[in-house]
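Tertiary structure, described
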Amino acid sequence: MVIDAKYDGAQWEESMKLLATDVDNTLTGDRAAYSSLVALLSMHRDVTIAYVTGRDKIQMFEIMAGECLREPDYFLCNVGTEVYEGPDYRRDDAWTRHIDRQWDRLELHQALATIPHLFQQSRQFEFKQSYHLFRKADVVIPEIHRRLNEIGIEHKVVYSSGTDLDVIPKRAGKGEAVDYVRKRLRIRPRSVLAAGDSGNDIELLSAGFLAVVVGNHKSELNADALPEDVYWARENYAAGIIEGIEHFGFLKP
Ligand code: GLC
Ligand code: MG
């Protein structure tokens, strides 16, 4: 994906790094480990932090309050369909315009409404139509692609934890959204550390960044699903992120 082509290969911000981390069960899950991570990062002001999540922005503020999480520099919400930049976290409309191509969420939903086993989630968003799917994913997912291709909707299906299925625009996704932010900040791909635990992180962990899978990952994250150079932490939750930081020497100048 090339949005800001002028930044490609142009001057990089050599000293800057980006930690792009999933939130649920990656950043959260072990509060003591999270505190250690914050202490570690507080000594490294050159690291920009992005929370990359399947959740929406309001839910993120609720989780941050409940889990005492620090405010990040960026929220990449709803599976990389929304980008918000701090400190005011207004939606980045350039990203919205970029992903809004051959997309009609209501038409999409109508096309999928009669597929067995697919149950609509209670909350929907402009660029993320979500369902619960507990069984028959091997039949249902190809059927989703078939129906949406038939009506010309350019889409991506993201399936997580054997329960959650999101349909998002083809140009969106956690990996694409992080790459967009990375290019804007002129950070090299290998100066980005991605961290995750479940299916909606596969794209983020496969995007060519440094990548760590935390020890408590879901079974859909396995060697077949991910590139070879992904680091598989033994430690769980935020302690797994710290292990990845150490493995890659991410904070070294
Ligand atoms: C979050 C969202 C949900 C989505 C899931 C997987 O739980 O709230 O809508 O399906 O992430 O991406
Ligand atoms: Mg997660």
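This write-up is about the structure you can find in this document. Just so you know, the residues in each chain are numbered from 1, in the order the chain's sequence is written. Whichever chain is written first becomes A and whichever ligand is written first becomes 1, with later ones labelled in order. Only residues with pLDDT of 70 or above have their local features reported here, since the model is predicted, and side-chain atom pairs are shown and tallied only from 80 upward, although totals for entire chains, interfaces and linings are computed over all residues. Computation of side-chain values covers all heavy atoms of the structure but excludes hydrogens and water.

**Quick look at the overall build of the protein chain**
Working definition: helices are DSSP H or I runs of at least four residues, strands are E runs of at least two. Numbering for both runs from the N terminus. Scanning the protein chain for helices and strands turns up 8 helices and 12 strands. Over its C-alpha trace the protein chain gives a radius of gyration of 18 Å, about what one expects of a compact globule, namely 18 Å for 253 residues. Viewed in the frame of its principal axes, the protein chain has a C-alpha envelope of about 55 × 40 × 35 Å. Taking contacts inside the protein chain between residues at least 6 apart in sequence as the whole, the part at least 24 apart equals 60%. Per element, the accessible surface of the protein chain, about 11,700 Å² overall, is 49% carbon and sulfur. We treat Lys and Arg as the positive residues and Asp and Glu as the negative residues; His and chain ends play no part in the count. Where a charge lies is defined by one atom per residue type, namely NZ (Lys), CZ (Arg), CG (Asp) and CD (Glu). In the protein chain, 31 side chains carry a positive charge and 40 a negative one; their mean positions are 2 Å apart. As defined in this context, the radius of gyration uses C-alpha atoms, and a globule is described by 2.2 Å times the residue total to the power 0.38. The contact definition used throughout considers only heavy atoms, calling two residues in contact when any of these lie within 4.5 Å. Surface accessibility in these figures is a Shrake-Rupley result with a 1.4 Å probe; residues are shielded only by whichever protein chains are displayed.

**Topic: the coordination of the magnesium ion (ligand 2)**
On the protein side, the magnesium ion (ligand 2) has Asp22 (OD), Asp24 (O) and Asp197 (OD) as donor atoms, found 2.1 to 2.3 Å from it. Note on donors: an N, O or S atom is included if it sits within 2.8 Å of the metal, or within 3.2 Å for Na, K and Ca, and water is never included, so sites can look incomplete. On the primary sequence, the residues serving as donors to the magnesium ion (ligand 2) are separated as D-x1-D-x172-D. Highlighted residues: Asp24 in the loop between β1 (17–21) and α1 (31–42) and Asp197 in the loop between β10 (192–196) and α7 (202–205), separated in sequence by 173 residues. Throughout, exposure labels follow a simple rule: accessible area from a 1.4 Å probe, protein chains only, divided by the maximum for the residue type, with under 20% read as buried, over 50% as exposed, and the rest as partly exposed. Judged by its relative accessible area of 2%, Asp197 is buried.

**So, the pairing of strand β8 (residues 155–160)**
Here β8 lies mainly inside the structure; 5 of its 6 residues are buried. Two strands qualify as a pair provided that DSSP identifies no fewer than 2 bridges between them. Relative to strand β9 (residues 164–169), β8 runs antiparallel, the two sharing 6 bridges. The residue of β9 that forms the bridge with Val158 is Asp166.

**Details of the environment of Ile242**
Within the secondary structure, Ile242 is located in helix α8 (residues 237–248). In sequence terms Ile242 and Val212 are 30 residues apart; their C-alpha atoms lie 9.5 Å from each other. In contact with Ile242, not counting residues within four places along its chain, are Ala33, Ser36, Leu37 and Leu40.

**A few points about empty space enclosed by the protein**
The distinction between a cavity and a pocket rests on a 1 Å grid over the protein atoms alone: a 1.4 Å probe fits inside a cavity but cannot get out, while a pocket stays open yet meets protein on both sides within 12 Å along at least five of seven lines, and a residue with an atom within 4 Å of a point counts as lining. Grid points are joined across faces, edges and corners, and a volume is the space filled by probe spheres set on the points. Tallying each qualifying case throughout the model produces 1 cavity of 30 Å³ or more. What lines the largest cavity is Leu19, Thr21, Leu27, Tyr34, Leu37, Val38, Leu41, Ile49, Tyr51, Arg70, Glu71 and Pro72. At the level of secondary structure, the elements contributing two or more residues to the lining of the largest cavity comprise β1, α1 and β2 (47–52). Here the lining of the largest cavity takes 4 residues from α1, the largest share from any one element. Split into classes, the residues belonging to the lining of the largest cavity amount to 9 nonpolar, 1 polar and 2 charged. For this classification, the nonpolar set comprises Ala, Val, Leu, Ile, Met, Phe, Trp, Tyr, Cys and Pro, the charged set comprises Asp, Glu, Lys and Arg, and every other residue, Gly included, is treated as polar.

**Points about the environment of Pro142**
Looking at where Pro142 falls in the secondary structure, it is placed in helix α5 (residues 137–150). On a C-alpha basis, the gap between Pro142 and Asn200 in space is 18 Å, while along the polypeptide they are 58 residues apart.

**Structural notes on the sheet that holds strand β4 (residues 82–85)**
Here 8 strands make up an open sheet; going across it, the order is β5-β4-β3-β2-β1-β10-β11-β12 and the pairing mixed. Both outer strands of the open sheet, β5 (90–91) and β12 (231–232), are each paired with one neighbouring strand and no more. Note that strand β3 (residues 74–77) and β4 share 4 bridges and pair antiparallel. Paired with Tyr74 across the two strands is Glu85, which belongs to β4.

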